[in-house]
Amino acid sequence: MSAATGSAALTQTRQGRRAPGNRADGPSVWMAGPALVLFGVFAVVPLIGVAVLSFMSWDGLGDPVWAGAENWGRTLTDPVTQNAMRLTVVLSVATWLFQTPLSLLLGVFMAGRQRYRAVLSVLYFLPLLFSAAAVAIAYRALLDPNFGLGTALGISWLSQDWIGSPDLALWVVLFVISWSFVPFHSLLYQGGVRQIPKSMYEAALLDGAGRVQQFFYITLPQLKYTIVTSSTLMIVGSLTYFDLIFVLTGGGPGNATRILPLDMYLTGFRSYDMGKASVIAVILVVVGLAVSIGLNRFSGASKMDSQMEGV
Amino acid sequence: MRLSIGRRTGAMVAAVSLATVLAACGGGNQPGQAAADGASAWALTGGSEEMFRAQFDAWNAENPDQEIAVDWFANDAYKEKIRTAVGSGNAPTLIYSWAGGTLADYVANDSVVDITADTQELTDRLVPSVAANGQVDGKTYAVPNTQSQPVVLYYNQEVLDAAGVEVPTTYDELLTAVGTLKDQGVIPVALAGQSVWPELMWIQYLTDRIGGPEVFQAVVDGEEGAWSDPAVIEATTKIQELVDAGAFGDSFGSVNADQNADTALVHTGKAAFILQGSWVYPNFLNDAPELVESGGLGYTTFPAVDGGAGDPANIVGNPSNFWSVSASAAEEDQATAKSFISSQVLNDDAVDDLLAIGTVPPITGLEDKIEQQDNADYLSFVYGMVRDAPHFQLSWDQALPPAQAQELLNNLSQLFLGQIDPQQFSDAMDATL
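If you're wondering where the values come from, they're calculated on a predicted model, not measured in any experiment.

Would you take a moment to explain the overall build of chain B for this structure?
Each helix and strand counted, chain B has 21 helices and 13 strands in total. Over its C-alpha atoms chain B spans a radius of gyration of 22 Å, differing by no more than 12% from the 22 Å that the globule rule assigns to 433 residues. Its C-alpha atoms put chain B at 65 × 50 × 45 Å along the principal axes. Looking at the 433 residues of chain B, the share that counts as buried comes to 53%. Here the analysis covers contacts within chain B between residues at least 6 apart in sequence; of these, 79% occur between residues at least 24 apart.

Structural data, given as structure tokens:
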């Protein structure tokens, strides 16, 4: 979205010299029609529906009844939902802290043109091809304390109560999520690194910069927008983790991995408390939008200035 | 298991709101106003799927002008879809259910029709404690359509022999057996804690043995403080006593019933006992045929509790699954569904099909038929349990309204994990009444 704004601004500047109103060039606005209709029907209308439903009481049968702000009070004071909010924040921060350095380093490594790196890249990339449900089922089987990897290989420390212990489960979830998504973010960084002009490194080399210095003074600053993009995807994405956790732990043991999206689903489609589920949905939408807009503003990425000046 | 889930919040948000839109379009239920576009049914895959398929095939072959269109669903996917469909007036003509709280909701919303008169002949053949589950205020709104699924205490005889343990008949004997088995390095009782619902069987049986069926009836009736009944507190205390004694091993929270990891523990000899519904018996037959044939798989009723008020012959589980007839279907389609029920449901062919896969239908007078089956001993045992039970308690998560049922599973899971104590459990559950 930011890129689009950026190029629009650019076009504006160029058009400034022309006579106003002369917009015959470029595709017709009508071509955006189908996309807008789809967006309206499948995103905006349901969103309004959810917002309305969050003020109603409905168990899926019969007709919804107005409940005023009752759902909101009930949801915000519910210890299960409060715990879900806390877990969501913990998981967002932890997955970011865990995935970013890993993807960044892997991405830089994969950007090298050597053949063995290309082979390894293909291997790193594999997890991205698996569906989340398949990943979750596979991990559940591997981590089974009685029949899993630990028993098969005879490694006793691997036979922990990984997904059955409230203390361990969240960290297992964090690991599996990272395992699934690090390849994607590495790919972003690989692309980012490959776009950095060689001349910058040559100049740095002439100035006597070592590999580590090159990384910190050229690679990292040049990847600024890639980092912003990847972080936005990670953090907003962590507000929507659902399928993997649902299949892996189902939110358990107890409530140890019941993050907000899961809480919303279980409230809506297990407890059939649609009003409360809608409140959680509205919260997720608002927080998700706020975080992505905030990240863009804060990082200055909305301007998306070129980093290539003088090159 | 639900594998095809919306991947992102957007999809779920859309799902929630789609439900609203559907409800708005459906405009609630308008009995009899729908056009007759043929009767339909939604049925479940797995379990007794073959019997259902045979029934619908037979019906459609005999009644080409009254064909029933059948859609097939996986268990959990069905449970979520059916409620929205019923709520929006788009239900199939034949509604499959577990009776209990859901049926009560349907009746309260006039979503299903009274079929007392049309099913009298079938009801007369049914085991009364099972038929009772389909009745609300003395009228029949649902009839059993498949086998009875009482919860049975299975055990691996070879493991018990190796440890020198006798089959327990009381709770105290069970606790002693747990200690002996644990010292031998086996898991005394396999429990699929990750699935949570198997934990329900423990609290249900213990509460019934200690206080009788009245204790839970008070909960269903919504009596103030019903969850604080001394029988519930004693049951939850005993559960934590078992957990602390290591009855379920130290990793029951990772064991999942969907992949039969709990029954696998028993037939591989890693665990001695398992308390599970009779639907797991086909798993034992398939996964460990030599154990079953050699008589190594034992089965018994849940132990009595000394001084308990409940009849040790009482059972818990799923009395059966049920068919109801949708009120939003056209009169003609309702008539089709009713004749389907009276001609096909639990008829002789269906009974034979069910017995053949190692399950018992809730029909009286089957003793002679059962004698002729393979596994006649086991089938007679289960049949006797169902026939002679003074009370057949429907699984609590089905008996309660959905919101309370989820609270129950949630708190029960925490009770087993030791995160809350019996008093906190009762307090939390009382708050849902």
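Got a minute to help me understand the interface of chain B and chain A in this structure?
Quite often, the size of an interface is put as the accessible area lost when its parts meet. Counting from both sides, the interface comprises 46 residues of chain B and, opposite them, 51 residues of chain A. If you list the elements that add at least two residues to the side of chain B that touches chain A, you get helix H1 (9-26), helix H3 (75-87), helix H12 (261-267) and helix H20 (402-416) of chain B. Looking at the side of chain B that touches chain A element by element, the count peaks at twelve residues for H1(B). For the side of chain B that touches chain A, a count of residues per class yields 19 nonpolar, 20 polar and seven charged.

Would you take a moment to explain the environment of Gly89(B) for this structure?
Residue and element names in this part refer to chain B. As for its position among the elements, Gly-89 is in the loop between H3 and strand S3 (94-97). Looking at Gly-89, the number of C-beta atoms within 10 Å reads 22, which means it is buried. The spatial distance from the C-alpha of Gly-89 to the C-alpha of Val-292 is 47 Å, given a sequence separation of 203 residues.

For this particular structure, what's the right way to read unusual backbone geometry?
Excluding glycine, a negative phi dihedral is what most residues carry, and trans is how most peptide bonds are arranged. All names here are of chain B. At Ala-99, a residue that is not glycine, the phi angle is positive and equals roughly 60°. Among the structural elements, Ala-99 can be located in the loop between S3 and helix H4 (100-108). In this structure Ala-99 comes out as buried when scored by C-beta crowding, with 27 C-beta atoms within 10 Å. The backbone of Leu-346 sits at a positive phi, close to 50°, despite the residue not being glycine. As for its placement among the helices and strands, Leu-346 is situated in the loop between helix H15 (331-344) and helix H16 (348-356).

Help me understand the confidence of the model for chain B, please; the structure alone is not making it clear to me.
When pLDDT is low, close inspection of the predicted coordinates is not appropriate. Residue and element names in this part refer to chain B. Model confidence for chain B is summarised by a mean pLDDT of 87, while 92% of its residues fall at 70 or above. In the predicted structure, residues 1-34 sits below a pLDDT of 50 and forms 76 contacts with residues beyond four places in sequence or in another chain. Model confidence for the complex is summarised by a pTM of 0.83, with the ipTM given as 0.78.

Got a minute to help me understand the nonpolar core in this structure?
If you look at soluble globular proteins, the nonpolar side chains tend to sit buried side by side. Judged by nonpolar contacts, the single largest core of 129 residues is most densely connected at Val189(B), Ala190(B), Ile239(B), Ala271(B) and Ala272(B). For this core, the element with the most residues is helix H9 (residues 197-211) of chain B, which contributes seven residues. Each of two domains, domain 1 (31-148 + 319-364) and domain 2 (149-316 + 395-430) of chain B, supplies a minimum of three residues to this core. When sequence neighbours within four positions are dropped, the list of residues in contact with Ala190(B) reads Val255(B), Asp262(B), Leu265(B), Val266(B), Ala271(B) and Ile274(B). Core analysis: the second largest hydrophobic core is formed by 46 residues, Tyr139(A), Trp162(A), Ala169(A) and Ile259(A) among them.

I would appreciate a short explanation of the pairing of S3(B) in the present structure.
Each regular strand shows side chains that alternate between the opposite faces of the sheet. All names here are of chain B. Residues Leu-94 and Tyr-96 line one face of S3 and the alternating positions Ile-95 and Ser-97 line the opposite face, and both faces are buried. The pairing of S3 with strand S12 (residues 322-325) spans four bridges and is classified as antiparallel. By the bridge assignment for S12, Tyr-96 is matched with Trp-323.

Is there a simple way to think about the packing of helix H11 (residues 230-244) of chain B against helix H21 (residues 422-430) of chain B in this case?
The axes of two packed helices give the description: the angle between them and the distance between them. Residue and element names in this part refer to chain B. At their nearest, the axes of H11 and H21 sit 9 Å apart, and the two run at 135° to each other. Here H11 lies oblique to H21, going by the angle between them. As H11 runs across H21, the sense of the crossing is right-handed. Contacts between H11 and H21 involve Val-232, Ile-233, Thr-236, Thr-237 and Gln-240 on the former and, on the latter, Pro-422, Phe-425 and Ser-426. Counted by class, the contact of H11 with H21 contains four nonpolar, four polar and no charged residues.

Rules used throughout
Residues numbered from 1 in each chain as written. Chains lettered and ligands numbered in written order. Predicted model: local features only at pLDDT ≥ 70, side-chain atom pairs only at ≥ 80, totals over all residues. Helix = DSSP H or I, 4+ residues; strand = E, 2+ residues; numbered from the N terminus. Rg over C-alpha atoms; globule rule 2.2 N^0.38 Å. Buried ≥ 20, exposed ≤ 12 C-beta atoms within 10 Å, placed from the backbone. Contact = placed C-beta atoms within 7 Å. Nonpolar A, V, L, I, M, F, W, Y, C, P; charged D, E, K, R; others polar. pLDDT = per-residue confidence, 0-100. Core = buried A, V, L, I, M, F, W, Y, C linked by C-beta atoms within 7 Å. Domains from an automatic or database assignment. Pairing = 2+ DSSP bridges. Axes fitted to C-alpha atoms, helices over the stretch in contact; angles between N-to-C directions. Parallel < 35°, antiparallel > 145°, perpendicular 65-115°, else oblique. Left-handed = near helix turned anticlockwise from the far one by under 90°.

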